[in-house]
Amino acid sequence: MSTIDFITELFCRVDDMMSDVPKHSQSSLYPGEVVTLGLLFALKGVGNRAFYRWIGADYLYLFPHLPERTRLFRLFVTHREWTDRFLADPTVLGAADTYGVELIHPIREGRSPRQIGRKGLSNKRWIVGVKLGLVVNQWGLVVSWDTHTANRKDNIFRPMVARFEEEMVVLTDTAFHTKPDRGGDPSNMKVCRPDTWNGRMVIEKVFSMLTTVCHLKKLSSRVWAYLRARLAFVVAVFNLLVQWDAPQPNPDEAGVVHMSIAQFSL
C-alpha cells in the first residue's frame, strides 16, 4: 500500500467515526481531517516543524485547507477528546504498566523554569520526562491511559485501574502495589511477581511497537497540553492500526496474541 493510499483509507475510516461531529462554521478543516492529521503526526514520530514540512511539501493536495502550523497544533490540543472514540472496550482480563518518555537529556535538567519533565527511573535507567500509563485488554488494545511526571511512583496510576473495577481484572507488576494504610489496591488489580503471568507480556508488545514505529521514547514537547494531545493521538492511532485488517487481533493455538503496525511506519 502506497502512502497516498494509506492516508486516503485512514481518512475514510476516521471520517466514518466522526460523521456525527459537525464542522464549525469558521473552521477550514472538517473534524475527520483534524483527527487524520493528528494520527499522522503521532505515527510519523517527529517534531512539530518536521511534520508540518512533510505534510505541506508532499501531501498538501490531500489537505488543501491546511492551516498555519501553530493553529494546526492548537487544534490537536483543543479537540484531544475526539481520540476517546478510538479507545477499546474492556475485556474480562487486562494488563497495566508504564512507559517512560524522555523529554530532555538528564544533563539539561533544571536549566529552564518551564521544564515539565522530572527525573525518575524507567526500565532501570534515569530519564527526565514523564511516564505513560496504559491499561490494555486481553487483545492488547488500549482501553485507558494517563500520564504523570517520571519522578512519581507507578502506583499513582491506580485510579486508572480502578475505573474498571466492575468490568476487568487488571494484571500489574509490583510497582503498582500500595500498602493498605495508604489506600490499598483496587479490588480488580492483581499484582504479579516477576516471571509469572505471561499474559502481561501483551502490554510489552504494545510498548515495543510504540517505540519502533511511533518513536515515542523521546519527545520534544515543552507544554503539558501539547504533550497530552500527542499521547492521546498515539494511543488512538495504535488502536486503529492494530485493528486495520481485523476487528481484534487473533491469538494462535498457544494463546499468544500477534500484533503488528510496522507496515504502516512513515
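Anyway, here's the lowdown on the structure attached to this text. (Residues numbered from 1 in each chain as written. Predicted model: local features only at pLDDT ≥ 70, side-chain atom pairs only at ≥ 80, totals over all residues. Heavy atoms only, no water.)

## Regarding the layout of surface pockets
Any empty space left between the atoms is revealed when a probe the size of a water molecule rolls over them.
Reasoning step 1: The volume enclosed by the largest pocket comes to roughly 920 Å³.
Reasoning step 2: Lining of the largest pocket is provided by 32 residues; of these, Asp97, Asn123, Asp154, Asp173 and Ala175 occupy positions nearest its centre.
Reasoning step 3: Mapped onto the lining of the largest pocket, the elements with two or more residues apiece are strand S1 (93-104), strand S2 (118-122), strand S3 (125-137) and helix H6 (201-212).
Reasoning step 4: Among the residues forming the lining of the largest pocket, the class breakdown is nine nonpolar, eleven polar and twelve charged.
Reasoning step 5: Size it by volume and the second largest pocket reaches roughly 310 Å³. (1 Å grid on protein atoms, 1.4 Å probe; cavity = no way out; pocket = protein on both sides within 12 Å on 5 of 7 lines; lining within 4 Å. Points joined across faces, edges and corners; volume = space filled by probe spheres on them. Helix = DSSP H or I, 4+ residues; strand = E, 2+ residues; numbered from the N terminus. Nonpolar A, V, L, I, M, F, W, Y, C, P; charged D, E, K, R; others polar.)

## Some points on the packing of aromatic side chains
Reasoning step 1: On inspection of all chains with the given rule, the structure shows twelve aromatic pairs.
Reasoning step 2: Here Phe41 and Phe76 contribute two aromatic rings whose centre-to-centre distance is 6.1 Å and whose plane-to-plane angle is 20°, an arrangement assigned as stacked. Placement of the pair is Phe41 in helix H2 (residues 31-44) and Phe76 in helix H4 (residues 69-78), with a sequence separation of 35 residues.
Reasoning step 3: On the basis of relative accessibility, which here comes to 5%, the residue Phe41 falls in the buried class. (Phe/Tyr/Trp six-rings, centres within 6.5 Å; stacked < 30°, edge-to-face > 60°. Buried < 20%, exposed > 50% of the residue type's maximum accessible area, 1.4 Å probe, protein only.)

## Remarks on H4
Three- or four-residue spacings in an α-helix give side chains the same orientation, since the helix completes a turn every 3.6 residues.
Reasoning step 1: Those residues of H4 that sit buried are Arg69, Leu72, Phe73, Leu75 and Phe76. Taken down its axis, H4 places every buried residue within 145° of arc, on the same side.
Reasoning step 2: As for H4, its buried residues are in contact with H2, helix H3 (48-58) and helix H7 (224-242). (Arc of directions from axis to C-beta. Contact = heavy atoms within 4.5 Å.)

## Re a nonpolar patch on the surface
Reasoning step 1: On the surface, Val92, Leu93, Val169 and Trp197 cluster together into a nonpolar patch covering about 370 Å² of accessible area.
Reasoning step 2: Structurally, the position occupied by Val92 is in the loop between H4 and S1. (Patch = residues over 30% accessible without salt bridge, like charges linked within 9 Å, V, L, I, M, F, W, Y side chains within 5 Å. Areas by Shrake-Rupley, 256 points an atom, 1.4 Å probe, with all protein chains shown as cover. Salt bridge = Lys/Arg side-chain N within 4 Å of Asp/Glu carboxyl O.)

## Observations concerning the packing of H3 against H4
Reasoning step 1: H4 packs onto H3 with a crossing angle of 110° between their chain directions and a minimal axis gap of 11 Å. One element, H3, and the other, H4, form an angle in the roughly perpendicular class. For the pair formed by H3 and H4, the contact residues are Asn48, Arg49, Phe51 and Tyr52 on the first element and Arg69, Leu72 and Phe73 on the second.
Reasoning step 2: A breakdown of the residues in the contact of H3 with H4 according to their chemical character gives four nonpolar, one polar and two charged. (Axes fitted to C-alpha atoms, helices over the stretch in contact; angles between N-to-C directions. Parallel < 35°, antiparallel > 145°, perpendicular 65-115°, else oblique.)

## Considerations on unusual backbone geometry
For residues other than glycine, phi is negative in most cases, and the peptide bonds are mostly trans.
Reasoning step 1: With phi around 55°, Asn123 is a residue other than glycine that occupies positive phi space.
Reasoning step 2: On the accessibility criterion, Asn123 (67% relative accessible area) is exposed.
Reasoning step 3: You will see that Lys124, though not glycine, has its phi angle at about 65°, which is positive.
Reasoning step 4: In this fold, Lys124 is placed in the loop between S2 and S3.

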